[in-house]
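The primary structure of each chain is shown beneath.
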Amino acid sequence: MIESFPAHEARVGQLDLRRALPLRQKRMVGPWCFLDRYGPLSFTSGRPMDVAPHPHIGIQTVTWLLEGEVLHRDSLGYEALAEPGKVNVMTSGRGISHSEETPRGSSGRLNGVQLWVALPDALRHQAPSFEHRASLPLLDFGNGTAMLFMQSTAILGAELRVREMTMPLDATFEHALFVLDGSAMLEGEHLVPDILYYLAPGRAEVALKSRDGARILLLGGTPFGEPVLMWWNFVARTHEEIAAAREEWERGTAFGQVRGYDGPSSPAPPLHARARPPAAS
Ligand code: MN
């Protein structure tokens, strides 16, 4: 009933990561197609997060922090600080570029997740947009809470703080639980960090217990139902679309300019290379 998939580890620059989506055995959960977990870490100098300007197509990026700060800049001219309890949602639509970095004057902590949402065919060619949401719904389940950072008829993204709680779910959705801190029990299964626990559609609720007040990411959505091709920072449907997007990025057309980032943009890998999505992007 509960399938578990361990995240795989990566170290890029100064940043230790665990990637929980996509996995070979589990590519997506609803429209969620990418999950990088980084931190918790402390630093006194340097910038653990430093992702130079790079392009996206076909997705929304969702930055959710437990501690620390990440400064976002994009080709629409937005500059926004992701902080705990506030979410940055960037919709690439047909094309956007952005950078993400630890800001000057940072708290010296970094702890969070970077998520991508695949856009359905009807929405993936829309104009790009950016939204910083500073006030999010907090649901109270008596001895646990859920802060909803993504919610619509087709998607759910929430951070749960668990003692003992039963949360209703949309039974048409598939879901995943990913422990961020602490540990919890779900129907006799011990949930621990850095493992993606997959819950198939057909569940009307989830009942969780935690002695140490676990923090758990809950992702859900309607099973995506469209074949998705991921290459580097692009989510598309065909190799031709990927090649065209890569060409436009390399030529400097179609993805605008990110102003304020101190350094060169990220070059695209060669098209023939097996290019997994880069870290924390
Ligand atoms: Mn990115």
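Above this text is the structure in question.
Thresholds applied
- Residues numbered from 1 in each chain as written.
- Predicted model: local features only at pLDDT ≥ 70, side-chain atom pairs only at ≥ 80, totals over all residues.
- Heavy atoms only, no water.
- Helix = DSSP H or I, 4+ residues; strand = E, 2+ residues; numbered from the N terminus.
- Buried < 20%, exposed > 50% of the residue type's maximum accessible area, 1.4 Å probe, protein only.
- Polar contact = N/O pair within 3.5 Å; in protein donor to acceptor, adjacent residues only side chain to side chain.
- Contact = heavy atoms within 4.5 Å.
- Expected span 1.5 Å × (residues − 1).
- Arc of directions from axis to C-beta.
- Phe/Tyr/Trp six-rings, centres within 6.5 Å; stacked < 30°, edge-to-face > 60°.
- Lys NZ or Arg CZ within 6 Å of the ring centre and 35° of its normal.

Participant: Requested: an account of the side chain of His72, with residues and values cited.
Facilitator: Among the secondary structure elements, His72 is positioned in strand β7 (residues 70-74). Look at His72 and you get buried, because its relative accessible area is 4%. For His72, the side chain forms a polar contact with the side chain of Asp74, separated by 2.7 Å. Those residues in contact with His72, other than ones at most four positions away along the chain, are Tyr78, Glu79, Ala80, Asn88, Met90, His98, Ser99 and Phe130.

Participant: Outline the environment of Pro137, supporting the account with residue identities and numerical values.
Facilitator: Tracing the chain through its elements places Pro137 in the loop between β12 (129-133) and β13 (138-140). With a relative accessible area of 39%, Pro137 lands in the partly exposed category. Sequence separation between Pro137 and Ala158 is 21 residues, and the spatial gap between their C-alpha atoms is 9.6 Å.

Participant: Kindly report on helix α1 (residues 239-251), identifying the contributing residues and their values.
Facilitator: Between the first and last C-alpha of α1 there are 18 Å, a value that for 13 residues agrees with the 18 Å anticipated at 1.5 Å per step. Taken residue by residue, α1 has Ile242, Ala245, Arg246 and Trp249 as its buried positions. The buried residues of α1 all sit within an arc of 100° when viewed along its axis, so they share a single face. For α1, the exposed residues lying more than 90 degrees away from the buried face are Glu240 and Arg251. Among the structural elements, β5 (50-56), β10 (96-101), β22 (229-231) and β23 (234-236) are those in contact with the buried residues of α1. Just beyond α1, the residue with positive phi is Gly252, at close to 80°.

Participant: Tell me what's going on with the packing of aromatic side chains, and back it up with residues and numbers.
Facilitator: The tally for this structure, following the rule as stated, stands at 9 aromatic pairs. Plain terms: the ring middles of Tyr78 and Phe130 are 5.2 Å apart, the flat faces sit at 40° to each other, and that makes the pair tilted. Of the two residues, Tyr78 sits in the loop between β7 and β8 (79-82) while Phe130 sits in strand β12, which places them 52 residues apart along the sequence. When the centroid spacing of 6.0 Å and the interplanar angle of 80° are considered together, the rings of Trp249 and Phe255 count as edge-to-face. Exposure class is identical for Trp249 and Phe255. Each is buried. An aromatic cluster is built from Trp231, Trp232, Phe234, Trp249 and Phe255, whose rings are joined through pairwise contacts. Between the NZ or CZ atom of Lys26 and the centre of the ring of Tyr198, over which it lies, the distance is 3.5 Å.

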